[in-house]
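Chain by chain, the residues:
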Amino acid sequence: MRDQVRGSILVSAAAVAAIFAAATGDVRAQEAVAETGIQEVVITAERRETNLQDTPIAVTAMDSGALLDHGITDLEGVMKATPSMSFTPYPTSTNTFSIFMRGTGVQDAGQITIDSAVGLYQDGFYIPRGQMVSFDLADIERVEVLRGPQGTLYGRNTTGGAVNLVSKKPSGELGFKQELGFGNEGRIRSLSVLDLPQWGGLSSRFSFLKRRKDGYVKNPGPGHDFGEEDQTAGRVALRWDTGAPFTADYFYERGELDSTPLYYTNSALVGLIPGYSDNGEPEHRSYRAIDLPESPGEFEGHGLTLAWKAGDALTLKSLTGYRDLGVTYNQDYAETFFVGFRSRDDIRSHQFSQELQALGSLLDGRIEYVAGAYYYEEAARHNNFTVITNALPGSSPLLLNKERQVTAESKSRAIYAQLTWTPPLPGDRLDLTFGARYTRDDRAASRTLLNTYFGFPIAQEPAPGLVNANDLESSRFNPAFTANYHWTGDVSTYLRVATGYKAGGSSESVDVGQFGITFKPENVTVYELGLKSYLFDRRVRLNAAAFSSRYEDMQLFFNSNPGDLSVVLGLNAGKSTIRGLELETLWQPVDSLNVSLEYTRLDAKYDEVLAPAGTIFDPTVNSASPYQVGDDVKRLFSNGYSPKNSLNLGSSWTFLKRGGSDLTAILNYRWEDRTFHGSGAGPGVPGYKLAERPAFGLLDGRLSWKMEMANGNQLRVDLWGKNLTDKAWPLYMIVSGSPVAIRDPLTGAVIPAGLGSPPTAWAERRTYGLNLIYEL
């Protein structure tokens, strides 16, 4: 890894030398480059079409061709291809992700009272959490990953960054494409796309997707296997464009996404339960028969974008969106917590958004601006049912039922503006960008709860004297500034200062009577220095960003009941600094060969975590705690899910061309450093290494044959494999234990601080298959 870091530093030094060697040239003259080498990439990260290299933001962009070449068909693939991103599947569902970018995210993606730190946008419309986001990226035109806070143009809940999913629009010409894929473990993927000719100004595009795979951990019982997936989805896209200043784009999509969860094992149970198996790799079958139901999910979305070109220098837009989601998670943890543990979560969400935009220019193009107003509302409910029984031979009888229902509403209103000014200086080399956004959030939630022990109630809400509702109002002003200097037509550097925030909320799983406790927004300020460059006659593209993100009022989650560590209280109690370096290089020595390297280094640390009252750090709650309220306990916490080093190394070589066909070999190697799963696994916690997920590397490959037929139609055949070396690696570990000693309120016994053996879900091993694409 040290050699890789040294190599990155040398590349950066070479780029800086190239900047100053070329800095005396005329910018406009150098923009006229021969159409050889690496071509421009058009993105909409700043709400208007710009070239990737002219946009002073750290952006990773992948068009439909790149997605196809790398076999990326869903958000999981996008995250794996972006070193600055990491993720874990939610413990009860494979279609819900906890998403992290630049070392920040939200671990519990299943709660409706907590929002993500990474914004996800589909055709300009916001998806608030990682629930049901494993949907297939059918008929996608482009994916843009914006790294770092995007608080001005994208608003709240983008402290880590944002992901834009841009779908293809109707072309107005007759076209048809059929994709058909097969693979091991019963994989089937079929995508049909039909484009119809324009009629009276109306163009239309229809797509239909079917995708499924069998589970990779077999269940000998009557239930489903672990790791199954079955998707069915359809989309209609309409575009009205008669050549007049007014255009309208509408889409309707509907889909069903059924799945089963991952299978968890715990090595500490080997020998305790007859027949239990944990071989340090994915098990081929569960150790016993499990009655595992399927987890059904469905989504529906509408989006309407109206645009009016009021003049050569002004366009007005309206974006109206609606999204409806319903999903059920069924999970059986198969005794990995030393007890029988079954759960069912039922989540329903309805959201509506309206955005108005004005995009234009002033002073003969020296000022370009975007301004807008935004409204968002969501209503959601989450029902959770848990059954805990005795599991180990000789253990005492146990039957504990927990039932919780949470309803939540949120509204957000914002106004924003951003303008870029090019001062009248020689060469027009300097661009200054100023932005600001004001947001007001209103949030409310209520909870009913019933816990029973052998049928007898032991905890209940609502109840006299207990608070079972909360509300929170907050507002934030988020400014941003960027200075972008064009040294040449191919090289620029920028300095960016940006702010953002993650909305406040509450924890669904607080103790009885604590649901009135809320936490405020979490704030971040980032200082970033970036480089965008083409080098060596555009045979090399080198982009880099060095940043320092400072977080205040961090939303941290603490155990608050010594007798039940599943009870978690959310509070603002920390400060953190995350520094990093990101490099993206693409080398195209000849037109038939591409070599790419993306590298991210993160240095994430807590600056301060103050022990809060009402938690297990408080001696009045937990008499075994060695701390006092207000003590700095940062050594007990870690910035989880933040690998120090991550890289992707890829190559694409078209090594054979015959007539209208060519054969291309594509390889990609992804390596990710060790990281810790869970925030309560700092170096001061005994056994914290048990929460460490080891470093791993995965090699993917693809052989692609493309042919243009005599009638102009196109055929593509891909033979692909992922994890070609059949690497076994843990996908997710559920950290268990306590960072401090706790006194059991029932027995008075003191349980030492430390982590236990974590329940672990292992990733699927080697996969392979064949894809066919026929396009008119």
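From a predicted model like this one, the values you see are computed outputs, not experimental measurements.

Participant: Account for the overall build of the protein chain, with residues named and values stated.
Facilitator: Per the secondary structure count, the protein chain includes 4 helices and 42 strands. Along the three orthogonal principal directions, the C-alpha set of the protein chain runs to about 80 × 55 × 55 Å. Put simply, the protein chain has 776 residues, and 55% of those count as buried. Put simply, of all contacts in the protein chain between residues at least 6 apart along the chain, 69% involve residues at least 24 apart. If you sum the accessible surface of the protein chain, you get close to 31,700 Å²; carbon and sulfur atoms cover 58% of it. Where the 74 positive side-chain charges of the protein chain centre and where its 90 negative ones centre are 3 Å apart.

Participant: Got a sec to walk through the sheet that holds strand β41 (residues 760-762)? Specific residues and values, please.
Facilitator: Taken in spatial order, the 3 strands of this open sheet run β16-β41-β36, and their pairing is antiparallel. Strands at the two margins of the open sheet, each flanked by one partner only, are β16 (264-265) and β36 (730-733). Of the strand pairs in this sheet, β16 and β41 are connected by 2 bridges, and their pairing is antiparallel. In the sheet register, threonine 265 faces β41, and the bridge partner there is threonine 760.

Participant: Can you tell me about a nonpolar patch on the surface, naming the residues and giving the values?
Facilitator: There is a patch of nonpolar side chains on the surface, built from Trp653, Phe655, Leu656, Leu703, Leu719, Leu770 and Leu772 and spanning about 600 Å² of accessible area. With 3 residues, the top contributor of residues to the nonpolar patch is strand β30 (residues 645-658). With respect to the secondary-structure elements, leucine 772 resides in strand β42 (residues 767-775).

Participant: Describe empty space enclosed by the protein, and please don't skip the residues or the numbers.
Facilitator: For the structure shown, the criterion picks out 18 cavities of 30 Å³ or more. Here the largest cavity defines a volume of roughly 210 Å³. For the lining of the largest cavity, the secondary-structure elements that each account for two or more residues are β10 (161-167), β13 (202-213), β14 (229-241) and β15 (246-259). Residue contributions to the lining of the largest cavity peak at 4 residues, all from β14.

Participant: Go over the environment of alanine 268, please, and point to the residues and values.
Facilitator: Structurally, the position occupied by alanine 268 is in the loop between β16 and β17 (297-311). Assessed through its relative accessible area of 33%, alanine 268 is described here as partly exposed.

Participant: Tell me about the pattern of salt bridges, and name the residues and values.
Facilitator: Scanning the model with the defined rule gives 56 salt bridges in all. Put simply, aspartate 123 and arginine 235 hold a salt bridge, and the shortest N to O gap is 2.8 Å. Within this pair, whereas aspartate 123 is found in the loop between β7 (118-122) and β8 (125-127), its partner arginine 235 is found in strand β14, the two being separated by 112 residues in sequence. By the burial criterion, aspartate 123 is buried, and arginine 235 matches it. A salt bridge links aspartate 442 to arginine 413, with the shortest nitrogen-to-oxygen separation between them at 2.9 Å. Taken together, the residues aspartate 442 in strand β22 (residues 430-453) and arginine 413 in strand β21 (residues 399-421) connect sequence positions 29 residues apart. Put simply, Asp74, Asp136, Lys177, Glu179, Arg189, Arg211 and Glu229 are held in one network by salt bridges that share partners.

Participant: Go over the sheet that holds strand β5 (residues 93-101), please, and point to the residues and values.
Facilitator: Read from one edge of the open sheet, 3 strands run β4-β5-β6, paired in antiparallel fashion. Since the sheet does not close on itself, it has two edges, and those belong to β4 (85-90) and β6 (104-105), each with one partner. In this structure, β4 lies alongside β5, joined through 6 bridges in antiparallel fashion. Among the inter-strand pairings, serine 86 is bridged to a residue of β5, identified as phenylalanine 100.

Participant: Requested: an account of the environment of glycine 172, with residues and values cited.
Facilitator: Residue position: glycine 172 is located in the loop between β10 and β11 (175-183). C-alpha separation for the pair glycine 172 and isoleucine 38, spaced 134 residues apart in sequence, amounts to 29 Å. Residues within four places of glycine 172 in sequence aside, it is in contact with Leu196, Pro197, Gln198 and Ser203.

Participant: I'd love a proper account of the nonpolar core, names of residues and values included.
Facilitator: In globular proteins that are soluble, nonpolar side chains generally tend to be buried together. Ranked by internal contacts, the top residues of the largest apolar core, which has 66 residues, are Val143, Val163 and Phe617. Core analysis: the second largest hydrophobic core is formed by 24 residues, Val217, Tyr263, Leu292 and Leu698 among them.

Participant: Account for the confidence of the model for the protein chain, with residues named and values stated.
Facilitator: Here the protein chain averages 92 in pLDDT, and 95% of its residues register 70 or above. Taken as a whole, residues 1-34 scores under 50 in pLDDT and shows 44 contacts with residues more than four places along the chain or in a different chain.

Participant: How would you summarise unusual backbone geometry if you had to cite specific residues and measurements?
Facilitator: That bond from glutamate 461 to proline 462 is cis: its omega, -5°, falls within 30 degrees of zero. Counting through the fold element by element, proline 462 comes out in the loop between β23 (456-461) and β24 (469-486).

Thresholds applied
Residues numbered from 1 in each chain as written. Predicted model: local features only at pLDDT ≥ 70, side-chain atom pairs only at ≥ 80, totals over all residues. Heavy atoms only, no water. Helix = DSSP H or I, 4+ residues; strand = E, 2+ residues; numbered from the N terminus. Buried < 20%, exposed > 50% of the residue type's maximum accessible area, 1.4 Å probe, protein only. Contact = heavy atoms within 4.5 Å. Areas by Shrake-Rupley, 256 points an atom, 1.4 Å probe, with all protein chains shown as cover. Lys, Arg positive; Asp, Glu negative; His and termini not counted. Charge placed at Lys NZ, Arg CZ, Asp CG, Glu CD. Pairing = 2+ DSSP bridges. Patch = residues over 30% accessible without salt bridge, like charges linked within 9 Å, V, L, I, M, F, W, Y side chains within 5 Å. Salt bridge = Lys/Arg side-chain N within 4 Å of Asp/Glu carboxyl O. 1 Å grid on protein atoms, 1.4 Å probe; cavity = no way out; pocket = protein on both sides within 12 Å on 5 of 7 lines; lining within 4 Å. Points joined across faces, edges and corners; volume = space filled by probe spheres on them. Core = buried A, V, L, I, M, F, W, Y, C linked by side-chain atoms within 4.5 Å. pLDDT = per-residue confidence, 0-100.

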